[in-house]
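# Descriptive structure summary
Listed below, chain by chain, are the residues.
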Amino acid sequence: MAKAGLTAKYRPQLFKDIVGQDFIKKILSRAAQQNKPANAYLFSGTRGVGKTTTARIMAKAINCLNGPDSEPCNDCTNCHQITKGIFSDVLEIDAASHTGVDNVRKLREDAVYFPMSGRYKVIIIDEAHMLSNAAFNALLKTLEEPPGHCVFIMATTAPEKFPPTVISRCQHYVFKMVHLDDLVTHLRFVLDAEKYEYDPEALILMAKRGAGSVRDSMSILGQVMALGGERVTPQGVREVLGLAGHDVYADFFEDILNKDLVNIHTRINSILGQGLDINFFLQEFASCWRNLFLLSQSGDKADKILSLPGNELEFWKDLSVRIPAPRIHAAWQMVIEEQKSILKSNEPALAMELLFFNLAYLPELLPIGQYTPSRQEMSNPAAAKPADPVEKKSPENIRESLGAREAYSDHKAEKEESCGDFSEKNWPGFVNYCRSKEGAGDSLARMLGSCESIIEQGSLKIVCNQEFIYDSLKRNGRERLISSLIEEFFGSEMTLYIINNAQKKDSSFREKALDHPVVKRLVDEFDSRIIEIKRL
Ligand SMILES: [Zn+2]
């Protein structure tokens, strides 16, 4: 069945069948029962939450031949005609295509006449915020002296565009986003009525994607049903919507814990290449961290609110024991905070990589400014403690992660506070200066912000501790761009050096491994040679 057909077929015809909006349904239903509708209503709220549907049910309820009652009968001539949109006393206009004052004047003229077949003349104005100022003024005159037999119902997604004088003459109801459980119940009702089999997780997924909108959820259901098949499955829904499956998230988590940056890079490119919806991907990714946090804090008690299939739940439970809670919390916060900037970024792939790499190295993250490598450390990076790839829930680890979270928060606060402040001619000032630049400035500042710097007479050394940052800074003419920004900012030409400190760390790691007595003995005794050295 076509999706429009599905939405129309299951459009509620009674107050009680409207999904969510309990408070509004109750008040309007009572007004209909008492035959005391207001002269003007304003229904505001996001799209697809039932504003127009409610307006039509109200029009029926106050004109039903078997009324006044709390619900329309949907059986009499008036109800039938209103449902079909052919009732002469109910006028519905779309302000988006009738913005002009002439249309409103005509409505005002119509409003003066008594209804022909019903008790009330009902004028429904959809997208009413699109009316011109002149049209609003014309409408205001009618609202100031409303004919008793006339009911105006205006629906809008943007009530802030209404003149206060108009709002003050309306009963204003704010339609809420529909709760996930209510959306799931509605989808289940439709699938049962259509005699479809379904997995409960598929319903939750569609409802989540519908983001509080009945219309969007129904539209998604229409697309999924159009795929054919006898059963609505999570896989089918993900396929139709271009969403990543559980396996994708599970793999990302393993890579993050193993600090496998190459795999992370490949996976990000793969999901971007498949054209998956990045916004929803990041939302679900944030949900994964939230689920982990709930499981780590509440254990089995969290099962009920997570609504996950058994095998997935087991996976997250196992993982929640492996990662210290403060790290989970910090990661969750990071994903939510970075989501918007990734979507706005000129280079979303790079911004996403940075987020994932930061998540992998979260325990080692230090606020910029607090960490300056000493010369000794620079020349002998082996002195730095190597990263421990295995997560243990030890008190040290928790403290370390807690430190990371605080560091991250400090870093964010520092970034937010100092954003735009580049009066001081130092490294943080320069990073902020880059951030203030249009175009790629923000992503460049992110990369530079993760580097250390040494400013000496006539030269600036940028020390990259991560290979991919080094590569990115060296590519696409960025080196030249940085040079010219340096000149602009510091007011004089400086020789720029971009130094790959990550490589140094790795080569010294190799030397250290080759120098290890056990390795030496193995090489000697078996007359062997080393092919590859890997951190475990
Ligand atoms: Zn009726």
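### Digging into the overall build of the protein
When helices and strands are counted, the protein shows 26 helices and 10 strands. Taking all 536 residues of the protein together, 45% fall into the buried category. Relative to all contacts within the protein whose residues are 6 or more apart in sequence, the contacts with residues 24 or more apart total 73%. Of the roughly 27300 Å² of accessible surface on the protein, 51% is carried by carbon and sulfur atoms.

### Observations regarding the sheet that holds strand E9 (residues 459-464)
Read from one edge of the open sheet, three strands run E8-E9-E10, paired in mixed fashion. Both edges of this open sheet fall to strand E8 (452-456) and strand E10 (495-500), since each of them pairs with a single strand only. Between one strand and the next, the sheet's axes are offset by a mean angle of 15 degrees, whatever the strand orientation. With five bridges connecting them, E8 and E9 associate as antiparallel partners. When the bridges of E9 are listed, Ile-454 appears paired with Lys-461. Running over the sheet, helix H23 (residues 467-474) touches E9 and E10 and is turned about 145 degrees from E10. Helix H24 (residues 478-490) contacts E8, E9 and E10 of the sheet and is inclined by roughly 130 degrees relative to E10.

### Examining the coordination of the zinc ion
Taken together, Cys-64 (SG), Cys-73 (SG), Cys-76 (SG) and Cys-79 (SG) make up the protein donors of the zinc ion, found 2.3 Å from the metal. Given four donor atoms and angles of 98 to 120 degrees at the metal, the environment of the zinc ion is assigned as tetrahedral. In primary sequence terms, the donor set of the zinc ion follows C-x8-C-x2-C-x2-C. With relative accessibility at 30%, the residue Cys-73 sits in the partly exposed group. Assessed through its relative accessible area of 8%, Cys-76 is described here as buried.

### Description of the nonpolar core
Among the nonpolar cores identified, the biggest contains 70 residues, and Trp-289, Phe-356, Phe-430, Leu-448, Ile-462, Leu-473 and Ile-482 are the most heavily contacted of them. With 10 residues, the top contributor of residues to this core is helix H14 (residues 278-298). Each of two domains, domain 3 (248-360) and domain 4 (424-536), supplies a minimum of three residues to this core. What Leu-473 contacts, discounting residues up to four positions off in sequence, is Leu-444, Met-447, Leu-448, Cys-451, Ile-462, Cys-464, Arg-478, Glu-479, Ile-482 and Ile-498. Within the second largest apolar cluster, 52 residues are counted, among which are Leu-6, Ile-153, Val-178 and Met-218.

### Some points on a nonpolar patch on the surface
On the surface, Val-518, Leu-522 and Phe-526 cluster together into a nonpolar patch covering about 320 Å² of accessible area. The topology assignment puts Leu-522 in helix H26 (residues 517-526). Residue Leu-522 is classed as partly exposed on the basis of its relative accessible area of 44%.

### Some details on the sheet that holds strand E3 (residues 121-126)
Pairing is parallel across the open sheet formed by five strands, whose spatial order is E2-E3-E4-E1-E5. The outermost strands of the open sheet, each flanked by one partner alone, are strand E2 (90-94) and strand E5 (171-174). Direction aside, the axes of adjacent strands within the sheet are offset by 15 degrees on average. Bridge count between E2 and E3: five bridges; the pairing is parallel. If you follow Asp-94 over to E3, its bridge partner there is Asp-126. Lying on the sheet, helix H3 (residues 51-61) is in contact with strand E1 (40-44), E2, E3 and strand E4 (150-156); it crosses E1 at an angle near 155 degrees.

### A few points about the confidence of the model for the protein
Residues with a pLDDT of 70 or more make up 85% of the protein, whose mean pLDDT is 81. When mean pLDDT is compared element by element in the protein, H3 scores highest at 95, while helix H19 (residues 375-379) scores lowest at 46. Overall, residues 381-405 carries pLDDT values under 50, and its contacts beyond four positions in sequence, including any with other chains, amount to 40 contacts. Low pLDDT, under 50, characterises residues 414-419; the stretch is placed with five contacts to residues that sit more than four places away or in other chains.

### Quick look at the pattern of salt bridges
Taken as a whole and judged by the stated rule, the model has 18 salt bridges. Between Glu-194 and Lys-9 there is a salt bridge; the shortest N-O distance is 2.7 Å. Placement of the pair is Glu-194 in the loop between helix H8 (180-193) and strand E6 (197-198) and Lys-9 in helix H1 (residues 3-9), with a sequence separation of 185 residues. The partner of Lys-16 in a salt bridge is Asp-17, and the shortest N-O contact between them spans 3.4 Å. You can call Asp-17 partly exposed: its relative accessible area is 35%. Residues joined in a network through salt bridges with shared partners are Glu-197, Asp-199 and Arg-231.

### Quick notes on H14
Between the first and last C-alpha of H14 there are 30 Å, a value that for 21 residues agrees with the 30 Å anticipated at 1.5 Å per step. The N-cap of H14, judged by a side-chain oxygen 3.0 Å from the amide nitrogen of Asn-279 a few residues on, is Asp-277. Phi turns positive one or two residues past the end of H14, at Gly-299, with a value near 55 degrees.

### Points about unusual backbone geometry
Cis peptide bonds are those with omega within 30 degrees of zero, and the linkage from Gly-67 to Pro-68 qualifies with -5 degrees. Look at Gln-21: it is not a glycine, yet its phi comes out positive at around 55 degrees. When you line up the elements, Gln-21 lands in the loop between H1 and helix H2 (22-33). You can call Gln-21 buried: its relative accessible area is 11%. If you check the backbone angles, Asn-74 has positive phi at about 60 degrees while not being a glycine.

About the thresholds
- Residues numbered from 1 in each chain as written.
- Predicted model: local features only at pLDDT ≥ 70, side-chain atom pairs only at ≥ 80, totals over all residues.
- Heavy atoms only, no water.
- Helix = DSSP H or I, 4+ residues; strand = E, 2+ residues; numbered from the N terminus.
- Buried < 20%, exposed > 50% of the residue type's maximum accessible area, 1.4 Å probe, protein only.
- Contact = heavy atoms within 4.5 Å.
- Areas by Shrake-Rupley, 256 points an atom, 1.4 Å probe, with all protein chains shown as cover.
- Pairing = 2+ DSSP bridges.
- Axes fitted to C-alpha atoms, helices over the stretch in contact; angles between N-to-C directions.
- Donors = N, O, S within 2.8 Å, 3.2 Å for Na, K, Ca; no water.
- Tetrahedral: all angles 85-135°; square planar, octahedral: opposite > 155°, others 65-115°.
- Core = buried A, V, L, I, M, F, W, Y, C linked by side-chain atoms within 4.5 Å.
- Domains from an automatic or database assignment.
- Patch = residues over 30% accessible without salt bridge, like charges linked within 9 Å, V, L, I, M, F, W, Y side chains within 5 Å.
- Salt bridge = Lys/Arg side-chain N within 4 Å of Asp/Glu carboxyl O.
- pLDDT = per-residue confidence, 0-100.
- Expected span 1.5 Å × (residues − 1).
- Polar contact = N/O pair within 3.5 Å; in protein donor to acceptor, adjacent residues only side chain to side chain.

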